[in-house]
Amino acid sequence: MMNYKRLITTSAVIFIFAILWNSSIHGVILREANAALTGITRSTIDRPMGLALLLTAGLAFLFVWSYTYVARQGTWQEGLKHGLFFALLAGLLVNLNQYVLYPIPPLLTLKWFFFGVVEFCAYGILASWLYPIRTKNHHPSQ
């Protein structure tokens, strides 16, 4: 049976981690590199932050919810693999697609992808730690 309290708690922790991670990566580490996009992105003040936060919360929830379905033993290795899967999916759908559509420097796209892989792998490790799977044949709908 799905543990909804644990699902919400784990999603909330990953949401907070995502905000802190992305603030430090995009606001500090890649700040100068992201400046190359000034002419094609919204200014910070014009960005719909409410929508961005809602998207981040939704992504955190979907990550944890899907983890509960694919994890069989709840090990950190399973969490890491799930994070890697999500990172590859997001990298293809977001980073590579934006590179194709907009004049984004290739090195910046690679940096986004690299930091995304690290981020989603961290989500997986957090999920395995905060939402332990109790049985070997676990399935949340049972």
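Here we summarise the structure given alongside this text.

**Some points on the overall build of the chain**
The helix and strand inventory of the chain stands at five helices and zero strands. Starting at the N terminus and walking to the C terminus, you meet the elements of the chain as α-α-α-α-α. Viewed in the frame of its principal axes, the chain has a C-alpha envelope of about 50 × 25 × 25 Å. The proportion of buried residues among the 142 residues of the chain is 32%. The long-range share in the chain, meaning contacts at least 24 apart out of those at least 6 apart in sequence, stands at 81%. If the 10 positive side-chain charges of the chain are averaged to one point and the 4 negative ones to another, these points end up 13 Å apart.

**Some words on the nonpolar core**
Counting residues in each nonpolar core, the largest one holds 19 residues, and the members touching the most others are Ile14, Phe63, Tyr67, Phe120, Tyr123 and Tyr131. Looking at this core, the elements that each hand over two or more residues are α1 (4-29), α3 (49-70), α4 (76-101) and α5 (106-130). Take this core: its biggest share by element is six residues, from α5. Counting eight residues, the second-largest nonpolar core is a separate cluster that includes Trp21, Ile25, Trp112 and Phe115.

**Digging into the side chain of Thr68**
Relative to the helices and strands, Thr68 resides in helix α3. From its side chain, Thr68 meets the backbone oxygen of Trp65 in a polar contact 2.6 Å long.

**Quick word on the environment of Phe113**
With respect to the helices, strands and loops of the structure, Phe113 is situated in helix α5. Taking the C-alpha atoms as reference points, Phe113 and Lys5, 108 residues apart in sequence, are found 32 Å from one another. Excluding its chain neighbours within four sequence positions, the residues that come into contact with Phe113 are Ala87, Leu88, Gly91 and Asn95.

**Describing the packing of aromatic side chains**
Going through the model one piece at a time under the given rule, you end up with 11 aromatic pairs. Seen from their ring centres, Phe114 and Phe115 are 5.3 Å apart, and the 70° between their planes marks the pair as edge-to-face. Each residue in the set Phe17, Trp21, Phe63, Phe85, Phe86, Phe114, Phe115, Phe120 and Tyr123 is aromatic and connected to the rest through ring pairs, giving one cluster.

Basis of the calculations
- Residues numbered from 1 in each chain as written.
- Predicted model: local features only at pLDDT ≥ 70, side-chain atom pairs only at ≥ 80, totals over all residues.
- Heavy atoms only, no water.
- Helix = DSSP H or I, 4+ residues; strand = E, 2+ residues; numbered from the N terminus.
- Buried < 20%, exposed > 50% of the residue type's maximum accessible area, 1.4 Å probe, protein only.
- Contact = heavy atoms within 4.5 Å.
- Lys, Arg positive; Asp, Glu negative; His and termini not counted.
- Charge placed at Lys NZ, Arg CZ, Asp CG, Glu CD.
- Core = buried A, V, L, I, M, F, W, Y, C linked by side-chain atoms within 4.5 Å.
- Polar contact = N/O pair within 3.5 Å; in protein donor to acceptor, adjacent residues only side chain to side chain.
- Phe/Tyr/Trp six-rings, centres within 6.5 Å; stacked < 30°, edge-to-face > 60°.

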